[in-house]
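Summary of the model geometry
The primary structure of each chain is shown beneath.
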Amino acid sequence: MDLLPVAPIETLRRRHSQKWRGHPADVLPLPVAEMDFDLAPPIQAALADAVERSDTGYPAPMPALADALARFAGERWSWEIDPTAVTAVTDVGVGVVELLRVLARPGDPVVICPPVYAPFFGWVPEAGGRVHEVPLVDGRLDLAGLQRAFATHPAAFVLCNPHNPVGRVHTREELTELVRLATAYGVPVLSDEIHAPLTLPGAEFTPILTVPGAAEVAISLVSSSKAWNLAGLKCATIVTAAPEMAAVTDRLPPDTPWRVGHFGVLASIAAYDEGAPWLDRLLATLDDRRTLLGDLLAERLPKVSWRPPEATFLAWLDCTAIGAGATPRELFFTKGRVALEPGPRFGAAGSGFVRLNFGTSADILTAAVDRMVSAA
Ligand SMILES: Cc1ncc(COP(=O)(O)O)c(C=O)c1O
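Since we're looking at a predicted model, the values are computed, not measured.

1. Describing the overall build of the chain
In terms of helices and strands, the chain carries 13 helices and 13 strands. Relative to its length of 376 residues, the chain is compact, with a C-alpha radius of gyration of 20 Å against a globular reference of 21 Å. By principal-axis analysis of the C-alpha atoms, the chain measures approximately 55 × 55 × 35 Å. The buried share of the chain, taken over its 376 residues, is 56%. For the chain, the proportion of contacts with a sequence separation of at least 24, taken over those separated by at least 6, is 74%. Accessible surface, the chain: about 15100 Å² in total, of which carbon and sulfur atoms supply 53%. Between the mean site of the 32 positive side-chain charges and the mean site of the 43 negative ones, the chain shows a separation of 7 Å.

Shown next, in the form of structure tokens:
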């Protein structure tokens, strides 16, 4: 399959997004989860057409957005979504916070599994809850630890599947056991499935709501924003599959669907309905970059170890063997002029780690590893 090209770095540096504006010009930025590929052509066309029509008013997400998501999920994952059980929401972060505001009383514990996407640590207190950590064990869900935590009756569990930053795609067996525990202890599961379309060759994504019994206890949050690089357009969706969880979304602020971006809705519909061929090229390209990164690390930086991710364009790199005085993030930044995400942002277990974004060209990835080699 033809791999996706990436524009020259001078062109990328003209972007105004966080990735390209967040650092001085001599720094290679590979932190925040944005990709460097051009937008999928059907999305470019949908947005250009909207500008042409001066179609920049308020969003009208339903039913078109829910219908498109349902078609995509059915074809991709054999996941049957009822479009009437889909709620549009500004982004996944807003979705999780608003759902937690419904589920948690002030001070209630909410379970998360670090190392995990750093904002989880902020979303819980933003909604009034208190973080209860059940760390991953060897990169996997600690089901025995979750059982002990669920026995204390937390207000909710926020699952990350696929799991950022370790790139793990939780298996159907693990999710089945998780659903059993959540049901037994009455703990609602909010499943952040934003990285699902980025499941790479070799792994299979299981939407939580396809697990028997999950509908009564779990809510899924999905978005086109990671896989098609649309984070700035602000559109995500909350999906339920049974009255028990629909009762939670019914209590969201009534204006919730109005707070999505109109361009996000249009781009998401184009992504779900016409963006699968481009997505398949993206996955082949990311698979290629994953292999390249593995080869580069093995040859040039063998002290850095990693487990290649099963999903996402994010690599979780164990730098503890480098043993420098500075943290690895500081070392690579100050000496190598390459910006990576510091591991401790993902929780205490991230000490000595960095997260590297390989959603870029082979040239930029190779240059970044070269800079890391000279810094180390
Ligand atoms: C696991 C996870 N959830 C949520 C987000 C943010 O999504 P949104 O911009 O829709 O809030 C990210 C962004 O990288 C992420 O990795």
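2. A closer look at the sheet that holds strand S7 (residues 218-222)
Spatially, the seven strands line up as an open sheet ordered S2-S8-S7-S6-S5-S3-S4, and their pairing is mixed. If you trace the sheet from one side to the other, it starts and ends with strand S2 (86-89) and strand S4 (130-133), each paired once. For this sheet, the mean angle separating the axes of adjacent strands, direction not counted, is 25°. One ladder, built from three bridges, connects S7 with strand S8 (residues 236-239); its direction is antiparallel. From the neighbouring strand, Val-222 faces S8, where its bridge partner is Thr-237.

3. Side note on helix H5 (residues 92-103)
What sets the pattern is the α-helix's 3.6 residues per turn: residues three or four places apart point alike. An ideal rise of 1.5 Å per residue puts 16 Å on 12 residues; H5 measures up with 16 Å between its terminal C-alpha atoms. Of all the 12 residues making up H5, nine are buried; the element is thus mostly covered by neighbouring parts of the structure. Of the residues flanking the start of H5, the one acting as N-cap is Asp-91, its side-chain oxygen 3.2 Å from the backbone nitrogen of Gly-93.

4. A look at the domain arrangement of the chain
Domain boundaries assigned for the chain yield domain 1 (9-41 + 276-375) and domain 2 (54-273). On a C-alpha basis, the centroid separation for the pair domain 1 and domain 2 is 26 Å. Taken together, the 28 residues of domain 1 in the interface contact 30 residues of domain 2. Of the roughly 2600 Å² buried at the junction of domain 1 and domain 2 (both faces included), carbon and sulfur atoms supply 60%. Put simply, domain 1 and domain 2 have three salt bridges between them. Two residues, Asp-280 and Arg-76, come together in a salt bridge whose shortest N-O distance is 2.7 Å. Counting across the domain 1 and domain 2 interface gives 12 residue pairs in polar contact (both at pLDDT 80 or more).

Definitions and cut-offs
Residues numbered from 1 in each chain as written. Predicted model: local features only at pLDDT ≥ 70, side-chain atom pairs only at ≥ 80, totals over all residues. Heavy atoms only, no water. Helix = DSSP H or I, 4+ residues; strand = E, 2+ residues; numbered from the N terminus. Rg over C-alpha atoms; globule rule 2.2 N^0.38 Å. Buried < 20%, exposed > 50% of the residue type's maximum accessible area, 1.4 Å probe, protein only. Contact = heavy atoms within 4.5 Å. Areas by Shrake-Rupley, 256 points an atom, 1.4 Å probe, with all protein chains shown as cover. Lys, Arg positive; Asp, Glu negative; His and termini not counted. Charge placed at Lys NZ, Arg CZ, Asp CG, Glu CD. Pairing = 2+ DSSP bridges. Axes fitted to C-alpha atoms, helices over the stretch in contact; angles between N-to-C directions. Expected span 1.5 Å × (residues − 1). Polar contact = N/O pair within 3.5 Å; in protein donor to acceptor, adjacent residues only side chain to side chain. Domains from an automatic or database assignment. Buried area = accessible area lost by both parts, 1.4 Å probe. Salt bridge = Lys/Arg side-chain N within 4 Å of Asp/Glu carboxyl O.

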